Every structure is written in structure tokens, then in C-alpha cells.
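Coordinate inspection notes
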Amino acid sequence: MNQLLLQSIWLIPCYALLGAIFALPWSPTIIRRTGPRPAGYVNLLMTCLAFTHSLIALQSIWKLPPQHISFNWLSTAGLELTFDIEISRVSVAAMLLVTGLNLLAQIYAVGYMEMDWGWARFYSLLGLFEAGMCALVLCNSLFFSYLILEILTLGTYLLVGLWFSQPLVVTGARDAFLTKRVGDLLLLMGVVALLPLAGTWNYSELAVWAKTAHLDPKIAALLGLLLISGPMGKCAQFPLHLWLDEAMEGPVPSTILRNSVVVATGAWVLIKLQPVLSLSPIVSAALVGIGTVTSVGASLIAIAQIDIKRCLSYSVSAYMGLVFIAVGTQHSEAALLLVLTHAVASALLVMSTGAVVWNSITQDVTQLGGLWSRRPISGLAYIVGTLGLIAFPPLGSFWALLKLASALWVEKPWLVGVVIVVNVFTAFSLTREFSSIFGGKPKQMSERSPEVSWQMALPMIILLAFTLHLPLLLQSLSLLPSWADFNKDVALLLMWSSIFGCTISGVIYLSDFIPKPIRLPVKVLQDLLAYDFYTPKLYKVSIVFSVDMISKLADIVDRLVIDGIVNMIGLASLGGGEGLKYSTSGQTQFYAFTVLLGISLLGATVTWPYWGHQFLSLMF
């Protein structure tokens, strides 16, 4: 039985698709009497089946080597397209994580969206997300990975725009979709260009090809830059990072998946492509540069935000930047460990803050406070999520950051400083948000803010327990650093950086002798961080302005040149038709004269070379 479930593991994405399809009849235009709730329950059932199937398959594959399955999809004109599947401990564990988080997010949504009539659309889109991510972790083909990423981009647009009657929601969905499209277009160029060079899109075969490939340095650099552009958009890396902040306008239950595993889809593809990307030192340097700028910049921006959602969205970009650094320095295992540990802690943080958003009047952290006594479950979940995201032993991210920093200690010590700085800023930012929300005395906006219902509290408790036990799972997957490679100096630096960031933030935001809100001595610096280094304005004066000018120029050319030529031809045809209308008399001799005149003009034109020069000499 277990072996049968292992061989049929490709059915797991189909469970979520079936749930999405079965939920559609409960849309408001089809079934009204029962209300929209059955749509959610159907998806919960299908996700529970997918989670159970993944769990049994993980037990079956635990001690087995990776297995490969191929499905022929298209064979024409010498082009062979196969949907390749790799079944391994890591891929099945990642699929178990996706289905588990989606199951918790759906239970959370039962309480969060209790009075919402968009259940059918919402749960269908969650099913689409689950199916896409499960298919992505199983997929062993770059081409089909690209197709799946496109489906997830569409799902992001639809989920963010769920409440489409609100202007900010529509703007956020549009910006998220268009920003991702920039990276996706460049990624498609790289995918198409890679096939004639490598002869395959299979990740395993690409890794073998990369070991002996001898590409021209310019081609390798250009190819690598195209391939990393898609993951840049998916992982919200600079300068394609603004979409994640805009996407916070969507429902919080969808943010649980988006901030944890959806943003990691680009990182997953990046890790798979690491052997190809390492062919060019320029691409490796670009990955490190992008990751460094994003991780440090986003963690600084997070400190200056006052919106409860935006504080977390920039922390996500910062940690995905560390993944870029890990891939750029050829440490794929550390990158994978960062992705897995970040997903769990980030989902827990979103659940905790979403519980505050659910029954609070405002999302401004400066207007909240004193919620610890009223909401102990949410507060405890936030603490564990914070400790799970920073370098706090023995929780998950400590081992991930330690594995990366230990590998960089000898090769590039300055990158260890980047990791420590990001950890300090993240610890400071998350402690600041906790102190502002749960610490201090209750304020006017938080005086009446009870704990959430059991539908929202239960997923938080389950994920809290899983976060605490995550190191045991990672150890069983052989993903934790071995004691022989344990760098005690790096471990101490990481621990002290976490303590330093949390302590400084706690002293500032929990004490009464420092006036609130905090103002930096230099207002320019504070505005620079608060307004995201003025990136939106830079977009407006550069990309948006350029596109606007090109559009206006194209409009002028279209109206004056293209339309002018067409209108002139139309007027000439109209004038000729009018002339023929008045010249038609019905008399035979007139028609004969017209034919004779036409023949004469045609003859004169044909014989012009023989008598034209004599005529001109007589005239002039």
C-alpha cells in the first residue's frame, strides 16, 4: 500500500485541483441556498487527503534513493517534451510542508473570513496555489517549472484582488502581477536559450552537463542573468521587490502561504539551477550583490514601517536575499535549509499578526499596545515565530544561518558580516513590532481586543508546536550541520547578534523614558527608510515616465502618420467614387470616349522614353 502511494505521488497536486473545481458551484451565481461554506469544507477535505498521502509517501521514501518518473507530453519536429518528476526525501518533505501549511491556512480562514461571501473563489485559488507548489517541488524540468510559476503568478493576482471593490486592492493586484511579469519574460528568454546549448531542460541532466560545459563567458553570463531574473521577481528581490508589499492588501490567510512558501518558489528553482548559474563568475557575483543589497536594505526598511503587515513583508525579502547569497556562493544546502526554516516561522508570524488585524480597528502599530494580557495565544505565537526566524538556538533558522555563515567564514568573511547585520536588524524589527503590539499599556485602539476564535487559534498552536520541533525533523532529514563542521565562533556571533538586536529594541520600545514614536536625529534618513529608499518614486521618474513617453509618442505616430495615411487613402477613394458617380451618364459614346482616353494615356506613358525628351526640349 505504501509503495502504491509512493508511485502515485504525482496525484497529490490533483487533489487540490479537484478541490478547487468542486468549490466553484458555490460561487454566488450558481448555488445560493447553502451559502458559500461548503466550498471551504470541500477544499479542507481534499487538502487533508493530500497531506495524508504526502505523509505516508515520506515514510516510504525515507531510506530510499531518489526516484525519477517521466510522462511524455509532446513529441514533434525533433522536440521531445516530458514532464519529469523527482521523488526524494527533500521534495516529498517540501510537499508535506506545502500541504500542511495550506491545511492550517484553510482552517485559519474559516474563522478569519467567517462573514465573507467570497469563499468559493478564495478556497479555489488556495487550491490552485497548493496544486502549483506541489507540482513545482516534484517537477524535474525547467520548462514545466516555468509554466507552473506562470500559473502561480496568475493565482497571486487573483488572490490579492479578491476584494476587487476596493481601489487599493485592485492597485496592489495589478502591481504584483506586472512586476512579476518583468522577471518572467526574461526568464522565458533564458529557458528557450538554454535548450540548444544543453539539449535538455531536466534539472538532473543540466547538473551533469554543467560539470563539463565550456561556454563562452559572455554567453554564460547572459544566460545566467536571464535565468535569475524570474526568481528575482518571485523572491521579491531589489529592484522587483515592491510587489510583496502591495500584495499585503489581500486576505491574511492567503498571506500565510505567500510570505512562507509562495515567495520561496523562485528560490526553489534557483537552487535547482545552481550548477548552471555557477558557470559564470559574473552571475555568481550578481546573485551575491542582489542578495546583499536586498537583505540589508529590506531589513532596514522593515524597522521604519508602522503598518503591521509591511513590517513582515520586508523581512521576507531580506531572508530571500540570504538565499540568493547562499546560491551565489554555491551553498545550495544552506539555501534549502533557509527556505524550509523561514517558511515555518514566517507563517506563524503572519498568523499571529493576522489575528490582531482581524478584530482591530487599525493596522498601525503605533496605535496598538497592551495586548499581551488579552491575547496570550497570539503573543506567544509571535514570540516563537520571532525566535524561529532569527538565530536563536536550538530553533530552525539558527542552524540555517549557522550553516551558511560557517561556510562563508573561510571563503568570504565579509558576507558573514552581512548575515550578522541582517540578523541584528531582523531581531530588532520583530521585537519592535512585538513591543508595540503586545507590550506597554492598552491604547484607545486596543482596549477592546479579545483573543480570536478557536478556528484561528488552533492553527497557531499547531504551527507553534511544529516550529519548536522543527530541528528534530531537520536532523532526521540530515539537513543540520554536523558537529565536525560546527564553527563555535560563528555560532557565538549569531547568538550575540540576536540578543543584541532583541535587547536594544526591547529597551527602546518597552521603556517609558524614551518618547514614542521614535524619531531619528536625521529626518532625511528616517524618510529614506520609511519610503523604501524612494524606490516607488524612482520607478515613476524612470520606468513609468519612459513607458508613458513612449506610449504618447506611439499615440502621436499612430494618429498623425498611420491614421493620416489611411485617412488620405480613404479620402482619395471617396473623392474618386464621387467623381465616378457624377460622371456616369449611361451614354455609350461617353463610355467609348473614356476608354479611348485611358488607352491614350497608357500609350503615352509606355512610349514616353522615345518621345519625352524631344517634347521637353521643345518646351524648354
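Predicted model only: the values in this text are computed from it and were never measured.

**A word on the overall build of the chain**
Along its length, the chain carries 25 helices and two strands. Relative to its full complement of 620 residues, the chain shows a buried share of 52%. In the chain, once contacts between residues fewer than 6 apart in sequence are set aside, the share between residues at least 24 apart is 80%. Here the chain contributes 33 positively and 31 negatively charged side chains, and the mean placements of these two sets differ by 6 Å.

**Comments concerning helix H19 (residues 413-437)**
With 25 residues, H19 extends 37 Å from end C-alpha to end C-alpha; this agrees with the ideal 36 Å at 1.5 Å per step. Counting buried positions over the 25 residues of H19 gives 20, a clear majority of the element.

**Observations regarding the packing of helix H14 (residues 281-303) against H19**
Here H14 crosses H19 at 25 degrees, and the two axes come no closer than 8 Å. In terms of orientation, H14 lies roughly parallel with respect to H19. Where H14 crosses over H19, the handedness of that crossing is left-handed. Across the interface between the two elements, Val288, Thr292, Ser295, Val296, Ser299, Leu300, Ala302 and Ile303 from H14 touch Trp414, Leu415, Val418, Val422, Phe425, Thr426, Phe428, Ser429 and Arg432 from H19. The residue inventory of the contact of H14 with H19, partitioned by class, reads eleven nonpolar, five polar and one charged.

**Quick word on the side chain of Ser346**
Along the chain, Ser346 turns up in helix H16 (residues 332-358). Taking relative accessible area as the criterion, Ser346 reaches 5% and is therefore assigned buried. Here the side chain of Ser346 touches Asn259 through a polar contact of 3.1 Å, landing on its backbone oxygen. Ignoring any residue separated from it by four or fewer positions in sequence, one finds Ser346 in contact with Asn259, Ser260 and Val316.

**Things to note about the UniProt feature "domain: NADH:quinone oxidoreductase/Mrp antiporter transmembrane" (unreviewed entry) in the chain**
Look at the UniProt record and you will see "domain: NADH:quinone oxidoreductase/Mrp antiporter transmembrane" (unreviewed entry) annotated at residues 140-424. For residues 140-424, the end-to-end C-alpha separation is 37 Å, with 78% helix and 0% strand making up the annotated structure.

**Examining unusual backbone geometry**
Here the residue pair Phe238 and Pro239 is connected by a cis peptide bond, since its omega of 5 degrees sits within 30 degrees of zero. Positive phi outside glycine occurs at Ala236, with the angle close to 55 degrees. If you check the backbone angles, Gln330 has positive phi at about 60 degrees while not being a glycine. Counting through the fold element by element, Gln330 comes out in the loop between helix H15 (308-328) and H16.

**As for empty space enclosed by the protein**
Here the structure, examined in full by the defined rule, presents four cavities of 30 Å³ or more. Here the largest cavity defines a volume of roughly 140 Å³. Contributing to the lining of the largest cavity are 14 residues, with Val98, Val137, Val261, Ala264 and Trp268 lying nearest its centre. Of all the secondary structure elements, the ones that give two or more residues to the lining of the largest cavity are helix H4 (89-112), helix H5 (119-138), helix H11 (252-262), helix H12 (264-272) and H16.

**Digging into the packing of aromatic side chains**
In total, this model carries nine aromatic pairs according to the counting rule given. When the ring of Phe143 is compared with that of Phe144, the centres are 5.3 Å apart and the planes differ by 85 degrees; the resulting orientation is edge-to-face. Per residue, the accessibility class of Phe143 equals that of Phe144, and both read buried. Taking the centre distance of 4.9 Å and the plane angle of 15 degrees together, the rings of Phe143 and Trp201 count as stacked. Linking Phe143 in helix H6 (residues 142-160) with Trp201 in the loop between helix H7 (167-198) and helix H8 (203-212), this pair joins segments that are 58 residues apart in sequence. For the pair Phe143 and Trp201, a shared accessibility class is recorded, and that class is buried. One aromatic cluster is present, formed by Phe143, Phe144 and Trp201 through successive ring pairs.

**Some words on the pattern of salt bridges**
Under the defined criterion, the tally for this structure stands at three salt bridges. Between Lys403 and Glu333 there is a salt bridge, and its shortest N-O distance comes to 3.6 Å. One end of the pair, Lys403, is in helix H18 (residues 396-411); the other, Glu333, is in helix H16, with 70 residues separating them in the sequence.

**Observations concerning H12**
Counting buried residues in H12 gives eight out of nine residues, a clear majority hidden from the surface. Ala264, Thr265, Gly266, Ala267, Trp268, Val269, Leu270 and Ile271 are the residues of H12 that are buried.

Calculation notes
- Numbers given to residues run from 1 along each chain, matching the order in which its sequence is written.
- Local features in this predicted model are restricted to residues of pLDDT 70 or higher, and side-chain atom pairs are both shown and tallied only at a pLDDT of 80 or more, whereas totals for entire chains, interfaces and linings draw on every residue.
- Note: side-chain values were computed over all heavy atoms of the structure, leaving out hydrogens and water.
- For the purposes of this entry, the term helix denotes a DSSP run of H or I that reaches at least four residues, the term strand denotes a run of E that reaches at least two, and both are numbered from the N terminus.
- Think of it in three bands: residues with accessible area under 20% of the maximum for their type are buried, residues over 50% are exposed, and the middle band is partly exposed, with areas taken using a 1.4 Å probe on protein chains only.
- Any two residues whose heavy atoms approach within 4.5 Å are treated as being in contact.
- Asp and Glu count as negative and Lys and Arg as positive, but His and the ends of the chain are not part of the count.
- Note on charges: their place is set at NZ of Lys, CZ of Arg, CG of Asp or CD of Glu.
- Given a helix with a known number of residues, its expected span is that number minus one, times 1.5 Å.
- Interaxial angle, 0 to 180 degrees, is taken between N-to-C directions of lines fitted to C-alpha atoms, where a helix line uses only the stretch in contact.
- Working definition: roughly parallel below 35 degrees, roughly antiparallel above 145 degrees, roughly perpendicular at 65 to 115 degrees, and oblique for all remaining angles.
- Take the far helix as your reference; a near helix turned counterclockwise from it by less than a right angle gives a left-handed crossing, and one turned clockwise gives a right-handed crossing.
- Note on residue classes: Ala, Val, Leu, Ile, Met, Phe, Trp, Tyr, Cys and Pro are nonpolar, Asp, Glu, Lys and Arg are charged, and everything else, Gly too, is polar.
- Any N or O atom pair separated by 3.5 Å or less is treated as a polar contact, with the protein-specific requirement of one donor-capable and one acceptor-capable atom, and with residues adjacent in sequence counted only for side-chain atom pairs.
- UniProt positions are given in the numbering used here, feature names are shortened, and annotations may be inferred rather than shown by experiment.
- Cavity: a set of points on a 1 Å grid over the protein atoms alone where a 1.4 Å probe fits but cannot get out. Pocket: an open set with protein on both sides within 12 Å along at least five of seven lines, its lining residues, like those of a cavity, having an atom within 4 Å of a point.
- Grid points are joined across faces, edges and corners, and a volume is the space filled by probe spheres set on the points.
- Stacked, tilted and edge-to-face pairs are distinguished by plane angle, under 30 degrees for stacked and over 60 for edge-to-face with tilted covering the rest, among Phe, Tyr and Trp rings (Trp via its six-membered ring) whose centres lie within 6.5 Å.
- Definition used for salt bridges: Asp or Glu carboxyl oxygen within 4 Å of a side-chain nitrogen of Lys or Arg.

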